[in-house]
Structures are given as C-alpha cells and as structure tokens.
Amino acid sequence: MNVFLIAIIAANILISFKGFNDLFFFRKYEFHIGSIRAGEQIRMVSSGFLHVDIGHLFFNMFTLYMFAPVVTNYLDNFSFVLIYAGSLIFGSLLTLLFHKDDYSYRAVGASGAVTGILYSAILLQPDMSLYLFFIPIPIPAYIFGIGYLLYSIYGMKAKSDNIGHTAHFGGAIGGYVITILKEPQMLTDNTFMVITLAIPIVILFVMAKMGKL
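Calculation rules
Residues numbered from 1 in each chain as written. Predicted model: local features only at pLDDT ≥ 70, side-chain atom pairs only at ≥ 80, totals over all residues. Heavy atoms only, no water. Salt bridge = Lys/Arg side-chain N within 4 Å of Asp/Glu carboxyl O. Helix = DSSP H or I, 4+ residues; strand = E, 2+ residues; numbered from the N terminus. Buried < 20%, exposed > 50% of the residue type's maximum accessible area, 1.4 Å probe, protein only. Core = buried A, V, L, I, M, F, W, Y, C linked by side-chain atoms within 4.5 Å. Contact = heavy atoms within 4.5 Å. Expected span 1.5 Å × (residues − 1). Polar contact = N/O pair within 3.5 Å; in protein donor to acceptor, adjacent residues only side chain to side chain.

Explain the pattern of salt bridges to me, please; I cannot follow it from the model alone.
Oppositely charged side chains can form a pair if their charged atoms are brought close together. Summed over all chains, the structure comprises five salt bridges. Two residues, D101 and R37, come together in a salt bridge whose shortest N-O distance is 3.6 Å. Taken together, the positions of D101 in the loop between α6 (77-98) and β2 (106-107) and R37 in helix α3 (residues 33-37) put the pair 64 residues apart, joining distant regions of the chain. The partly exposed category is assigned to R37, whose relative accessible area is 44%. With a closest N to O distance of 2.7 Å, R43 and E40 form a salt bridge. Salt bridges linked by common partners bring R27, E30 and R106 together as one network.

How should I be thinking about the nonpolar core in this particular structure?
For soluble globular proteins, the rule of thumb is that nonpolar side chains tend to be buried together. With 50 residues, the main nonpolar core has L64, Y84, F169 and Y176 as its most contacted residues. Elements represented by at least two residues in this core include exactly α1 (3-21), α5 (54-74), α6, α7 (111-124), α8 (141-158), α9 (165-182) and α11 (191-209). In contact with F169, other than residues within four places in its own chain, are L94, L149, S152, I153, M156, P200, I201 and L204. Within the second largest apolar cluster, six residues are counted, among which are F31, I33, L96 and Y105.

Sorry, what's going on with α6 here?
Helical geometry note: an α-helix holds 3.6 residues per turn, so side chains three or four residues apart project in the same direction. Its 22 residues give α6 an end-to-end C-alpha distance of 32 Å, which sits within 8% of 32 Å, the value for a rise of 1.5 Å per residue. Looking only at α6, the buried set comprises S79, F80, I83, Y84, G86, S87, L88, G91, S92, L94, T95 and L96. By the N-cap criterion, in which a side-chain oxygen at the helix start approaches the backbone nitrogen of a residue two or three places on, α6 is capped by D76, the distance to F78 being 3.2 Å.

Please clarify how the environment of V194 should be interpreted in this entry.
Mapped onto the fold, V194 is located in helix α11. Separated by 114 residues in the primary sequence, V194 and F80 have C-alpha atoms spaced 19 Å apart. Aside from chain neighbours lying at most four places away, what touches V194 is L123, Y176, I180, M186 and L187.

This is the structure we're talking about:
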C-alpha cells in the first residue's frame, strides 16, 4: 500500500481516537465558526482529522482507500497529497463562506478531503463503475459524482441533518480544480466530461447568487 495513503489514514485514526477519548481535545480542534472567526484558523485543518464516531471514521477511510489508488496511478504521490490537502482546505473555506454568520456551526470529518479524492478519481477515470450497497448494478462514476453533488445541494438547502454537505461540495471543487490544473490536457482530450462534472458546481453558485441556499 502507498506509504502516503497509510500515513494519512494513520493520522486520521490516531487523532480521531484521541478525540473520542478527550472531549477537551475534540472541542479545541473541531471546526467551529465562532472560534475560527476569532483567529483559530488551525481548526480549518485539524477538524479534517477528527470524526464523530468509529462508523464515521471507517466510512471516510474506506472510501479513501478505495479511490486513492486511481489518483496515484494516473498522477503521482505528490499530486495525491496535494489534492487531499487542497480539498480539505477547499471544503473548510466553502463551509466558512456559507456559514460565516452562524457562529455556533460545528463540524468534523475528513469528508471534504475524501470527496476531493473521489471527484479527482472520477475525473481521471470517468468510465469506471461503482457499486453501492443498496443498488446491485454498476453505476458509471460520473453519474454517481453528479448525483452526489446534487444531493449535497439538496442537503445544504434542506438543512435537515448533521451532515457537512458544504464541506463535501467544497472538497469536490478542490479535487476538480487541482486535478485539471495538474492535467490541463483534459480540457481538450475529455471536454465533455470536464463540462459535465462542472454542472453541479455551476448550479451551486447560481443558486447561492440567487439566494436560494
């Protein structure tokens, strides 16, 4: 297994377990709008290594484990780490942008970074098929990616759960942008897929501009 992937998974496990057993540590490093706006920007990174529970941690690390090899095989280890870190930051920045006036907003999880890796993998290999637990037939990766982000928009608008939909979306944007910057020939070699995967991103910002979120 890739040493960089092992290091990221290990960091998530160690920091998350520390948070499980130390509420002060958890509260000190979680994503919290009020604290971030007061100057504690470290939370925008540290929160990406904390998780609510073992199930949350396992799902994120399993997804990362499944899709990281696609990114490392097409690009390289440095690009993988760059996309992971960049997507984490994109997720936190978009969350801060959309929730800047909600000083009590809290969130944790590697979901933004992991979604960035997922979206990068889809962009690099859009013809791969995914199998979901509740659907016994293969789904084209790009269909899943678009559907996932459209669902995230719905979740952001509905505000009916505790899932960090905004971080997911920000992470996907990070993965999308950084992957294209690393592989700009995609713009000419696979123009249709680049445009197709951008549709949910455009919808999000149009809705935000119109005050629909």
